[in-house]
2 protein chains.
Amino acid sequence: MFESVCLGREISKKEYKAIEDELRTQLFDAQQKARKANIPVIIILSGLTGAGRGGVVNMISNFMDEKGIRNHTFWRETDEESERPYAWRFWRKMPKNGEIATFFGGWYGDYIRQLACEEITQDKFENIMHRWVSLEKALTASGVAIIKLWLHIDKETFKDRHEHRVKHNEERHFAPLDTQIHNRYDEIVKSAALAIKITDKVNASWTLIDAKNSRFRDATIARTIASEISKAVAIKKKRADGTVLHTPTTNISTINAIDLTKTISNDDYSKELKKLSKEIGELTYIAYQKGISSTIIFEGSDAAGKGGVIRRLSNSIDARITQVIPISAPTEIELAHHYLWRFWNHIPLNGFITIYDRSWYGRVLVERVEGFASPYDWGRAYAEINDFEDQLTENNHILLKFWLYVSPDEQLRRFKEREEIAWKNYKLTDEDWRNREKQDLYNEAADEMFLRTNTANAPWHVIPSESKKYARIEVLKIYKKRLEKAIKESKK
Amino acid sequence: MFESVCLGREISKKEYKAIEDELRTQLFDAQQKARKANIPVIIILSGLTGAGRGGVVNMISNFMDEKGIRNHTFWRETDEESERPYAWRFWRKMPKNGEIATFFGGWYGDYIRQLACEEITQDKFENIMHRWVSLEKALTASGVAIIKLWLHIDKETFKDRHEHRVKHNEERHFAPLDTQIHNRYDEIVKSAALAIKITDKVNASWTLIDAKNSRFRDATIARTIASEISKAVAIKKKRADGTVLHTPTTNISTINAIDLTKTISNDDYSKELKKLSKEIGELTYIAYQKGISSTIIFEGSDAAGKGGVIRRLSNSIDARITQVIPISAPTEIELAHHYLWRFWNHIPLNGFITIYDRSWYGRVLVERVEGFASPYDWGRAYAEINDFEDQLTENNHILLKFWLYVSPDEQLRRFKEREEIAWKNYKLTDEDWRNREKQDLYNEAADEMFLRTNTANAPWHVIPSESKKYARIEVLKIYKKRLEKAIKESKK
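Residues numbered from 1 in each chain as written. Chains lettered and ligands numbered in written order. Predicted model: local features only at pLDDT ≥ 70, side-chain atom pairs only at ≥ 80, totals over all residues. Heavy atoms only, no water.

### Quick word on the packing of helix H17 (residues 381–392) of chain A against helix H20 (residues 439–453) of chain A
All names here are of chain A. For the pair H17 and H20, the least separation of the axes is 10 Å and the interaxial angle reads 50°. Classified by the interaxial angle, the pair formed by H17 and H20 is oblique. When you trace H17 past H20, the crossing you get is right-handed. Contacts from Tyr382, Asn386 and Glu389 of H17 reach H20 at Glu448, Met449, Arg452 and Thr453. For the contact of H17 with H20, the class distribution of residues is 2 nonpolar, 2 polar and 3 charged. (Axes fitted to C-alpha atoms, helices over the stretch in contact; angles between N-to-C directions. Helix = DSSP H or I, 4+ residues; strand = E, 2+ residues; numbered from the N terminus. Parallel < 35°, antiparallel > 145°, perpendicular 65-115°, else oblique. Left-handed = near helix turned anticlockwise from the far one by under 90°. Contact = heavy atoms within 4.5 Å. Nonpolar A, V, L, I, M, F, W, Y, C, P; charged D, E, K, R; others polar.)

See below:
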């Protein structure tokens with residue numbers, strides 16, 4: 001793969017001087033274009049140690065308007081990062097619309113090193129690469145431009161540069177891991193080739209850079225970035241037509257099959273609630289000590305009693321380890337990112353609990369029905385959500401998804417009750433009445449959601465909520481069981 | 001102080017039931033008021049262990065609209081927190097305009113415990129309490145409502161509750177530190193009394209709560225919160241008149257005293273630049289290893305060459321440990337917070353370096369001159385900035401403040417040059433020309449800034465920049481010396 005890269009092409013100082021202004025203008029114009037088109041740009045700077053990634057970062061920063069470009073290195077891992085899915089560190093640094101971010105090494109650097117040093121198996125490595133394909137697909141589909149650069153040098157140059165650094169005491173071994181790498185040129189190159197093979201896609205392709213001559217390297221990179229940004233702008237314009245990607249599902253209705261007769265006596269309710277509350281209090285404490293986190297989301301009909309369930313749940317758990325996040329319309333800054341961005345931000349640390357009142361499923365529910373997202377946008381959200389949930393549930397993390405359902409008649413009764421009680425009044429808006437009229441569309445959206453996102457690691461729990469008390473007890477029971485299972489399986 | 005708190009007042013279950021709806025409505029209405037008035041509200045929930053702070057958090061969350069209230073506990077300290085000034089953890093959770101945040105323990109809890117356990121001296125404790133006075137002053141002056149609650153119980157109840165927990169295996173000893181506390185009732189109460197005495201100010205006063213009876217406690221707290229929010233709304237309305245707090249300084253001009261003749265030959269420049277770059281590269285590497293962070297800010301006339309200096313500086317340092325932050329007009333979310341909020345967010349971790357192109361001094365420069373901030377706002381900014389810089393420089397943190405000055409004639413020459421060069425063109429806006437006409441006002445603002453913020457731990461370095469090259473070398477020299485000093489003094 002890399003043979004044709006190492007042709008030793010050069011640009012002399014004189015030649016470079018002649019083109020420098022042109023390169024500068026190209027990069028600067030590209031940045032303006034991205035800004036005008038509201039496109040976020042990620043530049044992934046990967047490559048061999050000594051190939052000059054630092055110099056490239058400086059060149060890009062120098063040539064562009066520094067307002068609107070940020071460089072990120074992810075070199076040191078903080079505990080806030082290590083306790084969350086690996087991709088969290090990138091999500092928190094995602095550029096917003098019109099901004100450019102360089103990611104030093106990106107989501108490739110560390111895994112290429114790990115495979116080269118035989119710290120992970122090739123199977124595991126390939127799996128992770130496929131994950132990045134999905135991530136890049138999700139990002140580019142939402143309008144992000146991803147420019148992936150591999151800076152390459154031949155073996156001899158690699159060795160020479162290493163020795164030169166050692167000799168001149170210039171080794172900036174910030175990353176102690178670099179020392180493992182210098183005698184593994186072949187392994188690094190082999191790992192990189194595999195990474196590039198799997199992840200080189202039309203929407204986020206790799207550019208291999210002959211990096212031996214720093215001027216040739218910089219010129220090639222400046223031109224690549226400029227042309228990639230132009231491409232992204234062109235694609236965005238074309239996409240505005242709105243290609244529909246979505247294939248409707250068959251009519252299997254989960255909602256029609258819900259048993260609405262389920263109920264519980266007041267006595268049983270009081271007893272059970274007290275018992276379950278106490279148990280969940282204890283279990284979440286043990287889970288905390290074992291580093292088992294929970295993310296619990298609630299969706300469902302308006303007035304199905306989500307608030308009441310959440311209150312019983314959060315009252316059972318120590319306030320110091322739990323957080324309730326209500327989701328409403330996105331803010332300006334959230335709108336300027338991929339729609340999953342705000343949920344990535346809320347992932348709890350080891351042992352902590354996040355409870356959502358509405359969630360990322362808004363994308364395929366309210367946003368779909370109300371037309372806030374186009375079919376192109378919500379149609380691909382199912383796969384993106386499944387990917388997200390996969391990463392969330394990977395390490396000792398409980399994910400519970402509840403759907404609270406109430407019949408249209410009971411909903412009407414509750415709406416009327418809300419109209420009458422002063423402190424419940426605010427809960428009822430004109431929107432609720434409008435949504436009620438679109439019930440069929442909402443049910444259709446919910447049914448498709450169940451079909452597409454009812455995964456083994458993150459199944460939906462559909463809770464008949466005609467009796468609020470029954471629903472509360474059901475939710476607590478399910479969480480209790482899930483906690484017990486996780487604690488039993490925990491190795492800690 | 002606490003005698004009158006422990007009168008054992010009670011509300012029976014029946015009484016509470018009768019007033020519950022009223023309390024609920026009060027709290028809910030108060031929240032709406034704060035939202036409408038765009039006031040951020042911080043509720044600090046402090047008090048003795050076992051006084052029921054968890055229950056209070058639940059009560060508040062249950063009674064208010066959950067959209068717009070967030071609870072924060074700060075119980076576990078992550079390394080991203082421990083490596084920054086203590087107040088950073090609170091700044092990152094600051095509610096924005098119209099939102100409410102409960103801070104469990106707030107910035108008092110841990111220090112009260114530390115003094116009670118004799119982990120810090122009383123002098124240190126008092127110093128920290130004075131810091132919180134300043135913090136609360138800055139926040140309330142910017143429109144934040146701060147409600148401080150101390151939940152109190154008598155010694156016997158304290159002991160009883162502890163024993164009850166132990167007996168019923170209900171000790172949720174998340175915080176191992178709780179065990180130190182249970183036999184130090186008197187010490188805790190004494191420390192709390194001292195904290196309250198120092199920090200009980202008109203703008204952020206304490207309310208002591210008799211917390212023995214949970215219903216009496218909750219009712220009192222609900223009413224306190226409602227009345228405190230009403231008060232804050234009333235104050236905000238009154239303040240809109242715009243009281244001027246600012247006392248003009250005498251006419252001591254720093255700017256007129258700048259020696260503009262300083263220059264450097266091209267040869268010397270090249271040699272010095274190369275040498276200093278290398279030295280700073282090495283020194284920042286050593287500083288990184290010793291955990292010495294740097295924050296370096298640049299202010300000065302337009303076209304004084306800030307960009308060029310920053311480039312030479314950042315090119316000297318490994319890109320993996322440094323970050324350049326350009327400051328322009330605040331975003332929507334930044335405007336919804338105290339103006340220092342965004343700078344708190346950028347404080348580097350141990351060993352890392354943040355370089356600012358313009359900074360928090362915008363408040364007393366451009367915002368003052370252009371009228372974006374009222375005299376009431378920028379007039380108190382000097383003291384707030386000094387407090388902020390105090391905290392920043394406390395732990396192994398270098399803060400360097402550079403002012404680059406260029407004469408009006410030279411500035412004009414550079415403006416014209418920018419008009420002519422394509423890739424420099426974007427740097428020149430109509431605003432620059434307008435600013436130039438207001439030069440006298442800018443100089444006046446700068447002179448006052450020097451007078452008020454030229455502190456011992458964070459002095460200003462005024463750099464004559466008539467010769468760009470001279471200015472660059474000067475800045476690098478100063479940083480080099482400062483690094484050497486910090487490394488020499490470092491205990492690590």
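### Some details on unusual backbone geometry
The phi angle at asparagine 396 of chain A is positive, at roughly 55°, despite the residue not being glycine. Topologically, asparagine 396 of chain A is positioned in the loop between H17 and strand E9 (397–405). Under the relative-accessibility criterion, asparagine 396 of chain A is labelled partly exposed at 37%. Positive phi outside glycine occurs at alanine 303 of chain B, with the angle close to 65°. As for its position among the elements, alanine 303 of chain B is in the loop between strand E6 (293–300) and helix H12 (306–316). Residue alanine 303 of chain B is classed as buried on the basis of its relative accessible area, which comes to 6%. (Buried < 20%, exposed > 50% of the residue type's maximum accessible area, 1.4 Å probe, protein only.)

### Regarding the interface of chain A and chain B
Across the contact, 61 residues belong to chain A and 61 residues belong to chain B. Taking both sides of the interface into account, the surface hidden between chain A and chain B amounts to around 5600 Å²; carbon and sulfur atoms contribute 52%. In this structure, the salt-bridge partner of arginine 76 of chain B is aspartate 79 of chain A, at a minimum N-O distance of 3.6 Å. Secondary structure elements with two or more residues in the side of chain A that touches chain B: helix H1 (13–36), helix H2 (53–63), strand E2 (69–72), helix H3 (79–82), helix H11 (266–290), helix H12 (306–316) and strand E7 (322–326) of chain A. In terms of residues, the side of chain A that touches chain B owes the most to one element, H11 of chain A, which gives 5 residues. In terms of residue class, the side of chain A that touches chain B is made up of 20 nonpolar, 17 polar and 24 charged. (Buried area = accessible area lost by both parts, 1.4 Å probe. Salt bridge = Lys/Arg side-chain N within 4 Å of Asp/Glu carboxyl O.)

### Overview of the relation of the copies chain A and chain B
In the superposition of chain A on chain B (RMSD 0.0 Å, axial shift 0.0 Å), the rotation amounts to 180°. The symmetry that links the two subunits is that of a two-fold axis. Minimal C-alpha separation from the rotation axis in chain A is found for aspartate 79 of chain A, amounting to 3.2 Å. Take the interface residues of chain A: 100% of them recur as interface residues in chain B, which is what a same-surface contact looks like. (Least-squares fit on C-alpha atoms with pLDDT ≥ 70 in both.)

### Focus on the packing of aromatic side chains
Counted according to the given criterion, the structure contains 54 aromatic pairs over all chains. When the centroid spacing of 5.8 Å and the interplanar angle of 65° are considered together, the rings of phenylalanine 343 of chain A and tyrosine 356 of chain A count as edge-to-face. You can see phenylalanine 343 of chain A sitting in helix H14 (residues 341–345) and its partner tyrosine 356 of chain A sitting in strand E8 (residues 353–357), a full 13 residues away along the chain. Tyrosine 356 of chain A matches phenylalanine 343 of chain A in its accessibility class, with the two residues each being buried. Site record: aromatic cluster; members linked through ring pairs are Trp91, Phe343, Trp344, Tyr356, Trp360, Tyr361, Phe388, Trp403, Phe450 and Trp460 of chain A. Over the face of the ring belonging to tryptophan 88 of chain A we find arginine 84 of chain A, whose NZ or CZ atom lies 4.1 Å from the ring centre. Positioned above the aromatic ring of tyrosine 382 of chain B is the side chain of arginine 452 of chain B, whose terminal nitrogen or guanidinium carbon lies 5.3 Å from the ring centre. (Phe/Tyr/Trp six-rings, centres within 6.5 Å; stacked < 30°, edge-to-face > 60°. Lys NZ or Arg CZ within 6 Å of the ring centre and 35° of its normal.)

### Quick look at the nonpolar core
Within the largest apolar cluster, 116 residues are counted, with the highest numbers of intra-cluster contacts made by Trp107, Trp132 and Trp360 of chain B. Beyond its immediate stretch of four places on either side in the chain, tryptophan 132 of chain B contacts Tyr86, Ala87, Trp107, Tyr108 and Tyr111 of chain B. Core analysis: the next-biggest nonpolar cluster, separate from the first, contains 115 residues, Leu27, Leu115, Ile128 and Val144 of chain A among them. (Core = buried A, V, L, I, M, F, W, Y, C linked by side-chain atoms within 4.5 Å.)

### Structural notes on the side chain of threonine 73 of chain A
Here threonine 73 of chain A is to be found in the loop between E2 and H3. The buried category is assigned to threonine 73 of chain A, whose relative accessible area is 15%. Here arginine 320 of chain B takes part through its backbone oxygen, which lies 3.1 Å from a polar atom of the side chain of threonine 73 of chain A. Ignoring anything within four residues of it in the chain, the contact list for threonine 73 of chain A reads Phe104 of chain A together with Ala319 and Arg320 of chain B. (Polar contact = N/O pair within 3.5 Å; in protein donor to acceptor, adjacent residues only side chain to side chain.)

### Some thoughts on the sheet that holds strand E4 (residues 145–152) of chain A
Residues and elements named next belong to chain A. A sheet is described by the order of its strands in space; here 5 strands give the open sequence E2-E3-E1-E4-E5, paired in parallel fashion. Two strands close off the open sheet at either side, each with one partner strand: E2 and strand E5 (206–210). Averaged over all pairs of adjacent strands, the angle between their axes in this sheet comes to 20°, without regard to strand direction. Each of strand E1 (41–47) and E4 is contacted by helix H6 (residues 122–141), which is oriented at about 135° to E4, the strand it contacts most. (Pairing = 2+ DSSP bridges.)

### Topic: the pattern of salt bridges
Under the defined criterion, the tally for this structure stands at 71 salt bridges over all chains. We note a salt bridge from glutamate 22 of chain B to arginine 223 of chain B, for which the minimum N-O separation is 3.7 Å. Note that glutamate 22 of chain B is positioned in helix H1 (residues 13–36) and arginine 223 of chain B in helix H10 (residues 214–239), a separation of 201 residues in sequence. Residue classification places glutamate 22 of chain B among the partly exposed positions, given a relative accessible area of 36%. The class for arginine 223 of chain B is partly exposed, based on a relative accessible area of 37%. Residue aspartate 302 of chain B is joined to arginine 358 of chain B by a salt bridge in which the shortest nitrogen-to-oxygen separation is 3.1 Å. Separated by 56 residues along the polypeptide, aspartate 302 of chain B in the loop between E6 and H12 and arginine 358 of chain B in the loop between strand E8 (353–357) and helix H15 (366–369) bring together distant segments of the chain. Connected through shared salt-bridge partners, Lys275, Glu279, Lys480 and Glu484 of chain A make up one network.

### Details of the packing of H12 of chain B against helix H21 (residues 468–489) of chain B
Residues and elements named next belong to chain B. Two elements in contact, H12 and H21, have axes separated by 9 Å at closest approach and are oriented at 45°. Taken together, the axis directions place H12 and H21 in an arrangement best described as oblique. For the element pair H12 and H21, the recorded crossing hand is right-handed. Across the interface between the two elements, Gly308, Val309, Arg312 and Leu313 of H12 pack against Arg472, Val475, Leu476 and Tyr479 of H21. For the contact of H12 with H21, the per-class residue count stands at 5 nonpolar, 1 polar and 2 charged.

### Quick look at the side chain of serine 316 of chain B
Considering the arrangement of structural elements, one finds serine 316 of chain B in helix H12. Contact partners of serine 316 of chain B, with chain neighbours within four places excluded, come to Ser277, Ile280 and Gly281 of chain B.

### Points about the sheet that holds strand E7 (residues 322–326) of chain B
All names here are of chain B. Read from one edge of the open sheet, 5 strands run E7-E8-E6-E9-E10, paired in parallel fashion. Edge positions in the sheet fall to E7 and strand E10 (460–464), since each has one partner strand and no second. Each strand of the sheet is rotated relative to its neighbour by a mean of 20°, with strand direction disregarded. Where E6 meets E8, 5 bridges bridge the pair, whose relative direction is parallel.

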